[in-house]
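Chain by chain, the residues:
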Amino acid sequence: QNGTMGSDDKKSPGGDPLSGEFKGPAEKERGCTDIIFLLAFIAFWIGMIVVAGLAFDKGDPQRLTKGYDFEGRVCGVDSAVKDQPFVYYPYPLELSYSVCVRSEER
């Protein structure tokens, strides 16, 4: 070894980049290697679009934003609880039981 770093190392397959012999990666034949992943990714997005379409068509976003009582009525929206816009949980450990109330104060 003559003291230069890498002098005995194997040469890179594309040639030495400092000597001008470097041909780069373009000399190799290249092709797409992720066709299966691309198809799975496209299928995933088609599924997501279908789920989003069903959610917009069949869903009720106010049930998420307004809350609902134990009978399924949306607080402040459904006619029976139109004047009761707030959700109250009388038993905090029992989240399936909630009631609509007029005021936040309890």
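Here the residue numbering is sequential within each chain, running from 1 through the sequence in written order. Local features in this predicted model are restricted to residues whose pLDDT is 70 or higher, and side-chain atom pairs enter the listing and the counts only when it is 80 or higher, whereas totals over whole chains, interfaces and linings include all residues. Derived side-chain values reflect all non-hydrogen atoms in the structure, with water molecules and hydrogen atoms excluded from consideration.

We now examine the overall build of the protein chain. In DSSP terms, a helix is any run of H or I states spanning at least four residues, a strand is any run of E spanning at least two, and both are numbered starting from the N terminus. Assigned secondary structure in the protein chain consists of two helices and two strands. Along the protein chain, from the amino end to the carboxyl end, the secondary structure elements read α-α-β-β. Per-residue burial over the protein chain gives 12% buried out of 106 residues. Should any heavy atoms of two residues lie within 4.5 Å, those residues are considered in contact. A sequence separation of at least 24 residues applies to 13% of the contacts in the protein chain between residues at least 6 apart. To sort residues, take the accessible area from a 1.4 Å probe on protein chains only and compare it with the maximum for the residue type: under 20% means buried, over 50% means exposed, and anything in between is partly exposed.

Here the focus is the confidence of the model for the protein chain. Low pLDDT means the predicted coordinates in that region are not meant to be read closely. Confidence along the protein chain averages 81 in pLDDT terms, with 72% of residues attaining 70 or more. Per residue, pLDDT measures the predictor's confidence, with a range of 0 to 100. The weakest mean pLDDT in the protein chain belongs to helix H2 (residues 62–65) at 82; the strongest belongs to helix H1 (residues 35–58) at 94.

This part takes up the state of the cysteines. Note on terminology: pairs of cysteine sulfur atoms within 2.5 Å are recorded as disulfides. Summed over the entire model, instances satisfying the criterion amount to one disulfide. Between cysteine 75 and cysteine 100 runs a disulfide, and the two sulfur atoms are separated by 1.9 Å. Of note, the bridge from cysteine 75 to cysteine 100 carries an S-S torsion of about -80° and is left-handed in sense. Here cysteine 75, found in the loop between H2 and strand S1 (86–88), pairs with cysteine 100, found in strand S2 (residues 99–101); they are 25 residues apart in sequence, far enough to count as distant.

The next subject is the side chain of serine 98. Considering the arrangement of structural elements, one finds serine 98 in the loop between S1 and S2. Judged by its relative accessible area of 3%, serine 98 is buried. Between N or O atoms, a polar contact is any pair within 3.5 Å; within protein, one atom must be a potential hydrogen donor and the other a potential acceptor, and residues adjacent in sequence are included only when both atoms are from side chains. Within the structure, serine 98 has its side chain in polar contact with the backbone oxygen of tyrosine 68 (distance 2.7 Å). Here serine 98 is in contact with Tyr68, Asp69, Phe70, Val87, Tyr88, Tyr89 and Pro90, once residues within four sequence places are set aside.

Two aromatic rings from Phe, Tyr or Trp, using only the six-membered ring of Trp, form a pair when their centres are within 6.5 Å; if the ring planes differ by under 30 degrees the pair is stacked, by over 60 it is edge-to-face, and anything between is tilted. Following the criterion strictly, the structure yields five aromatic pairs and no others. For the pair phenylalanine 37 and phenylalanine 41, a centre-to-centre distance of 6.0 Å together with 20° between the ring planes defines the contact as stacked. You can see phenylalanine 37 and its partner phenylalanine 41 sitting in helix H1, four residues apart, about one turn around the helix. Taking relative accessible area as the criterion, phenylalanine 41 reaches 41% and is therefore assigned partly exposed. For the pair phenylalanine 44 and tryptophan 45, a centre-to-centre distance of 5.6 Å together with 75° between the ring planes defines the contact as edge-to-face. These aromatic residues form a ring-pair network of at least three members: Phe37, Phe41, Phe44 and Trp45. Both a distance and an angle decide whether a charge sits over a ring: NZ of Lys or CZ of Arg must be within 6 Å of the ring centre and within 35 degrees of the ring normal. The side chain of arginine 63 reaches across the aromatic face of tyrosine 68, ending 3.9 Å from its centre.

Turning next to a nonpolar patch on the surface. Residues Phe37, Phe41, Phe44, Trp45, Met48 and Ile49 make up a contiguous nonpolar surface patch of about 670 Å² in total accessible area. When you line up the elements, methionine 48 lands in helix H1. Distance thresholds for patches are 9 Å for like charges and 5 Å for nonpolar side chains (Val, Leu, Ile, Met, Phe, Trp, Tyr), applied to residues having over 30% relative accessible area and no salt bridge. Residue burial considers only the protein chains on display, and all accessible areas are found by Shrake-Rupley using a 1.4 Å probe. Here a salt bridge means any side-chain nitrogen of Lys or Arg lying within 4 Å of a carboxyl oxygen belonging to Asp or Glu.

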